[in-house]
Amino acid sequence: MAMAMIRACFSSPDLSPIFRQETTTTSSGKPKQNPVSKRLAVSTEQISNAAMTKTTSRGRNFVEDKSKSSSKEAETLKRVDVEEYHPEAEQSEGNRKSLKDYFDEAKYMIRSDGGPPRWFSPLECGVHSPDSPPLLYLPGIDGVGLGLIMQQQQRLGEIFDIWCLHIPVKDRTSFAGLVKLVERTVRSENNRFPNRPIYLVGESVGACLALAVAAQNPDIDLVLILANPATSFSKSQLQPIIPLLEHMPDQVLLGLPYMLRLMEGDPLRMAADNLLKGLSLQQKVGELSWDLVTMSSHLSVVADILPKETLLWKLEMLKSASAYANSCLHAVKAQTLILSSGRDQLFPSQEEGERLRHVLSNCQNRLFSDTGHFLFLEDGIDLVTIIKGTSFYRRGKYHDYVSDFKPPTPSEFKKIYESHRLIYAATGPVTLSTLEDGKIVRGLAGIPSQGPVLFVSYHMLLGLELVPLVCQFMIERNILLRGMAHPVMFYKLRDGLLPEIATFDNHRIMGAVPVSATNLYRLLSSKSHVLLYPGGMREALHRKGEEYKLFWPDHPEFVRMAAKFGAKIVPFGVVGEDDIGQVVFDYNDLMKIPYFRDRIGEITSETIKLRIGSSDEVSNQDIHLPGILPKVPGRFYYYFGKPIETEGRKQELRDRKRCRDLYLEVKSEVEKCIAYLKEKRETDPYRNLFARLTYQATHGFTDEVPTFEI
């Protein structure tokens, strides 16, 4: 399961890059050095084509100082290991910028700023790797260009070369003029680095701008990330405001409180969020009081950003931008991700997101049910995590699930773990591993720290073992298991009965890749810890009475691959599915009923086949959901056998017989691990959920619950 924007400032005889170094205040009210120190570039709309590649020495030096890094630093950025991530190195929630910071910094951005539209690069973005793709942020109706301020720009700047478009308050460049400006920048950057994609991140009218540029440049590799596009302006609640504003005196700013409310979202929900942060009562009251004060103080800044004449101009631009973008949707071929808010009070964004998903040829949609129109200014929205989860980050023409993968940060893992904490707690996982001397110990001490390592096992019913397994590896050893997953988690041939691809975003964040020989090769070559289930979906969707029965293909596909890279093969067994539920209505039963048989055929046709031309049931299992009778949860047990070395056996395992013998040895070891666990769990006094709860109630819920004697 990972390319550089024009870092130069466009020059002009009478205009030079602008630097600001002033003080501002944090959301807590403390003074600090203003991080808005930015480089602003003169609009390409105002200069000749010949001047487009020229830069002022001052602007270029600033960029080079910011972008240069030693080869060692660059290598670190390219080869990030999850073990190198530490919570203290990540931007904490307390330091994350707030909506107040947006308004504070907007004050400096709009000071007597009547110049043409221009690009700036936030200093917070820091140093990016040399092959990072450019990301051009196209703002919404405010035009300031600070829409990404709450997106932990340091993280965003590590993987992108970020440029933000600033449209001054008094500027009256037409929508067509803005399209030309962005188009020139895109074409210039594409000429410099033709093999890198260019990301256009647009909000509202900025999304229309991105669509227009993409439609006119189908030959350029663009990736569009569009938040609440204004393509639905004809259905917007802003329509009635236009005639009212035209007849209102300048002193009456009827639209500003409305705009402020939209930017700040739902006050009741924001207050509720504060109450759930785990703060003391005094802190909760303080936070709520501070929010109320800052909300009221923002009105004057909104008035400066959107005075009456500017607001009217922007609303008219929204109308023309929407019509322009809708007229050229058929020509947009770029890879597109729509981010839709469920509580957008400006546009019907949820409905529009689905419409665009069907109209655009290469488009996905993600819905954020509890967010308002200004999506990127909402707490809990992390653009980096969204891009990673949707597999939209790439540095070449195609997404590479190995080289383009960015490991989960501690906060990302914690969020995923918390969402599955109930499964983890209900199954009370017990893990055993084997040391080099053959001794079995509780925990994962016997797991090799250095890759490549290939973990091979039996796939429990519905893959129930995956969440506790991956979590335990991260918690105990800080090792990320890269799972080889069924293509149903990554591709859909058409809309139908299968779950939406968004259902599996967390799997992609945690490193899952589509199962294929190519991806296995790349993972092992990158020294990863790889999780492989040869039985695949056939085991995960087994029939009645087939618990813990292995269904492996006839060909020893993974053995030669492991030997090629000298990977350690770790066979392991897992039991416990029969303590969670029992299959009472299986595939054979379903296929006897015409209604279910038709549904199974329809669902199966929605995804690609794993092995074209192969007729065995392991290769192309029909997709279905068996009827399961749930039980009071028992316990999951994992036993990792002694690693099998393949180092130095590359030539030996080219022999078919020896290769097959090792394959059968691995399979036999998995069966032995399963048999061992089935026998030993009978002596576990805490196998039952109630016994574990009783133990935790008396010893503390953080204590490890005992198990059988090893």
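Residues numbered from 1 in each chain as written. Predicted model: local features only at pLDDT ≥ 70, side-chain atom pairs only at ≥ 80, totals over all residues. Heavy atoms only, no water.

Q: What exactly am I supposed to notice about the overall build of the protein here?
A: When helices and strands are counted, the protein shows 25 helices and 19 strands. Across the 710 residues of the protein, 56% fall into the buried class. (Helix = DSSP H or I, 4+ residues; strand = E, 2+ residues; numbered from the N terminus. Buried < 20%, exposed > 50% of the residue type's maximum accessible area, 1.4 Å probe, protein only.)

Q: How do you make sense of the side chain of E546 when you look at a structure like this?
A: Within the fold, E546 resides in the loop between α20 (536-540) and α21 (557-564). Within the structure, E546 has its side chain in polar contact with the side chain of R538 (distance 3.1 Å). (Polar contact = N/O pair within 3.5 Å; in protein donor to acceptor, adjacent residues only side chain to side chain.)

Q: Help me understand the nonpolar core in this model?
A: Generally speaking, a soluble globular protein has its nonpolar side chains buried in company with each other. Formed by 92 residues in total, the largest nonpolar core has its most connected members in V182, L200, L222, L224, L339 and F376. With 10 residues, the top contributor of residues to this core is helix α6 (residues 205-216). Apart from residues lying up to four places away in sequence, F376 is in contact with Y137, G147, L148, M150, Q151, V201, E203, A227, L339, I381 and L383. Within the second largest apolar cluster, 68 residues are counted, among which are V402, F455, L469 and F473. (Core = buried A, V, L, I, M, F, W, Y, C linked by side-chain atoms within 4.5 Å. Contact = heavy atoms within 4.5 Å.)

Q: Can you walk me through helix α24 (residues 656-680) in this structure?
A: The α-helix advances 3.6 residues per turn, and as a result positions three or four apart in sequence lie on the same side. Here α24 spans 36 Å end to end across 25 residues, near enough to the 36 Å set by a 1.5 Å rise per residue. Check the buried side of α24 and you find it contacts β10 (430-434), β11 (440-442), β12 (453-457), α21, β16 (568-575) and β19 (637-640). Backbone nitrogen of K657 and a side-chain oxygen of the N-cap are separated by 3.2 Å at the start of α24; the cap is D655. (Expected span 1.5 Å × (residues − 1).)

Q: Could you clarify how one ought to interpret helix α5 (residues 175-192) in this entry?
A: The terminal C-alpha atoms of α5, which comprises 18 residues, lie 26 Å apart, in line with the 26 Å expected from a rise of 1.5 Å per residue. Turning to α5, its buried residues number three or more, namely F175, G177, L178, V179, L181, V182, E183, T185, V186, S188, E189 and N190.

Q: Could you clarify how one ought to interpret the sheet that holds β11 in this entry?
A: In sheet architecture, strand pairing relies on hydrogen bonds along the backbone and comes in two forms, parallel and antiparallel. Sheet architecture is open: eight strands sit in the order β11-β10-β19-β16-β12-β15-β13-β14, paired in mixed fashion. Looking at strand neighbours, the two that pair on one side only are β11 and β14 (513-514), the edges of this open sheet. By the bridge criterion, four bridges tie β16 to β19 in an arrangement that is antiparallel. Across the sheet, the residue bridging to V575 is Y637, located in β19. Its contacts with the sheet place helix α17 (residues 466-477) against β10, β12, β13 (481-485), β15 (529-532), β16 and β19, and it is angled at close to 60 degrees to β19. With respect to the sheet, helix α19 (residues 517-525) is in contact with β12, β13, β14 and β15, its orientation differing from that of β13 by roughly 170 degrees. (Pairing = 2+ DSSP bridges. Axes fitted to C-alpha atoms, helices over the stretch in contact; angles between N-to-C directions.)

Q: What exactly am I supposed to notice about the packing of aromatic side chains here?
A: Aromatic rings in a pair are described by how distant their centres are and how their planes are angled relative to each other. Within the structure shown, the criterion is met by 23 aromatic pairs. Here the aromatic rings of F455 and F473 are separated by 5.4 Å at their centres, their planes lie at 80 degrees, and the arrangement is edge-to-face. With F455 in strand β12 and F473 in helix α17, this pair connects stretches of sequence that are 18 residues apart. Each member of the pair, F455 together with F473, is buried. Measuring from ring centre to ring centre gives 5.4 Å for Y595 and F596, while their planes differ by 80 degrees; the resulting arrangement is edge-to-face. Among the aromatic residues, ring-to-ring pairing joins F455, F473, F572 and F640 into one connected group. (Phe/Tyr/Trp six-rings, centres within 6.5 Å; stacked < 30°, edge-to-face > 60°.)

Q: Even after reading the chapter, I still don't get a nonpolar patch on the surface, so can you show me in this structure?
A: On the surface, V584, F585, I593, Y595, F596 and L629 cluster together into a nonpolar patch covering about 510 Å² of accessible area. Among the elements of the structure, β17 (581-585) and α23 (594-604) are those that each provide at least two residues to the nonpolar patch. One can find F596 in helix α23. Under the relative-accessibility criterion, F596 is labelled partly exposed at 34%. (Patch = residues over 30% accessible without salt bridge, like charges linked within 9 Å, V, L, I, M, F, W, Y side chains within 5 Å. Areas by Shrake-Rupley, 256 points an atom, 1.4 Å probe, with all protein chains shown as cover. Salt bridge = Lys/Arg side-chain N within 4 Å of Asp/Glu carboxyl O.)

Q: Teacher, can you tell me more about the sheet that holds strand β6 (residues 198-203) here?
A: Read across the sheet, seven strands follow the order β3-β5-β4-β6-β7-β8-β9 without closing on themselves; strand pairing throughout is mixed. On the outer flanks of this sheet lie β3 (118-120) and β9 (363-368), each paired with one strand and no other. The average angle at which neighbouring strand axes cross in this sheet is 20 degrees, direction not considered. Two strands pair when backbone bridges link them, and strand β8 (residues 335-341) and β9 are joined in this way by six bridges, in the parallel orientation. Across the sheet, residue L337 finds its bridge partner in β9, namely Q364. Of the strands in this sheet, β4 (134-138), β5 (161-166), β6 and β7 (222-227) touch α6, which is tilted by about 155 degrees from β7.

Q: Would you mind showing me how to read the side chain of T173 here?
A: When you line up the elements, T173 lands in the loop between β5 and α5. On the accessibility criterion, T173 (14% relative accessible area) is buried. Here D171 takes part through its side chain, which lies 2.8 Å from a polar atom of the side chain of T173.

Q: When you look at the pattern of salt bridges in this model, what are you seeing that I'm missing?
A: Under the criterion given, the structure shown has 32 salt bridges. The partner of D104 in a salt bridge is K100, and the shortest N-O contact between them spans 2.7 Å. You can see D104 and its partner K100 sitting in helix α3 (residues 99-109), four residues apart, about one turn around the helix. Neither residue differs from the other here; D104 and K100 are each classed as buried. For E351, the salt bridge goes to K235, with nearest N and O atoms at 3.0 Å.

Q: Would you explain the pairing of β13 in this entry?
A: Put simply, side chains in a regular strand alternate between the two faces of the sheet. Among the five residues that make up β13, five are buried, leaving the element largely enclosed by the rest of the structure. Residues of β13 alternate between two faces, with L481, G483 and A485 on one and R482 and M484 on the opposite face, all of them buried.

Q: Help me out: how do you make sense of the packing of α5 against helix α12 (residues 308-327) in this one?
A: Two measures define how a pair of helices packs: the angle their axes make with one another and the distance between the axes. Closest axis-to-axis distance for the α5/α12 pair is 9 Å, and the angle between their directions is 60 degrees. By the criterion of interaxial angle, the relationship of α5 to α12 is oblique. Here F175, L178 and V179 of α5 lie close against α12, whose contacting residues are M317, S320, A321 and Y324. Across the contact of α5 with α12, the residue classes tally to six nonpolar, one polar and no charged. (Parallel < 35°, antiparallel > 145°, perpendicular 65-115°, else oblique. Nonpolar A, V, L, I, M, F, W, Y, C, P; charged D, E, K, R; others polar.)

Q: It is not clear to me how the environment of Y638 should be interpreted in this structure. Could you clarify?
A: One can find Y638 in strand β19. By relative accessible area, which is 0% here, Y638 ends up buried. Placed 66 residues apart in sequence, Y638 and F572 show a C-alpha to C-alpha distance of 7.1 Å.

Q: Any chance you could explain the state of the cysteines here in plain terms?
A: Here a disulfide denotes one covalent bond, and it connects the sulfur atoms of two cysteines. Considering all chains together, one arrives at zero disulfides under this definition. Cysteine C208 remains unbridged, with the sulfur of C328 as its closest cysteine sulfur at 9.1 Å. (Disulfide = S-S within 2.5 Å.)

Q: What's the story with unusual backbone geometry in this structure? I'm lost.
A: Excluding glycine, a negative phi dihedral is what most residues carry, and trans is how most peptide bonds are arranged. Between G451 and the following residue, P452, the backbone shows a cis peptide bond with an omega angle of 5 degrees. Positionally, P452 belongs in the loop between β11 and β12. With a phi close to 60 degrees, L462 is a non-glycine residue in the positive phi region. Looking at where L462 falls in the secondary structure, it is placed in the loop between β12 and α17. Of note, the phi angle at Y548 is positive, near 65 degrees, even though the residue is not glycine. Within the element layout of this structure, Y548 appears in the loop between α20 and α21.

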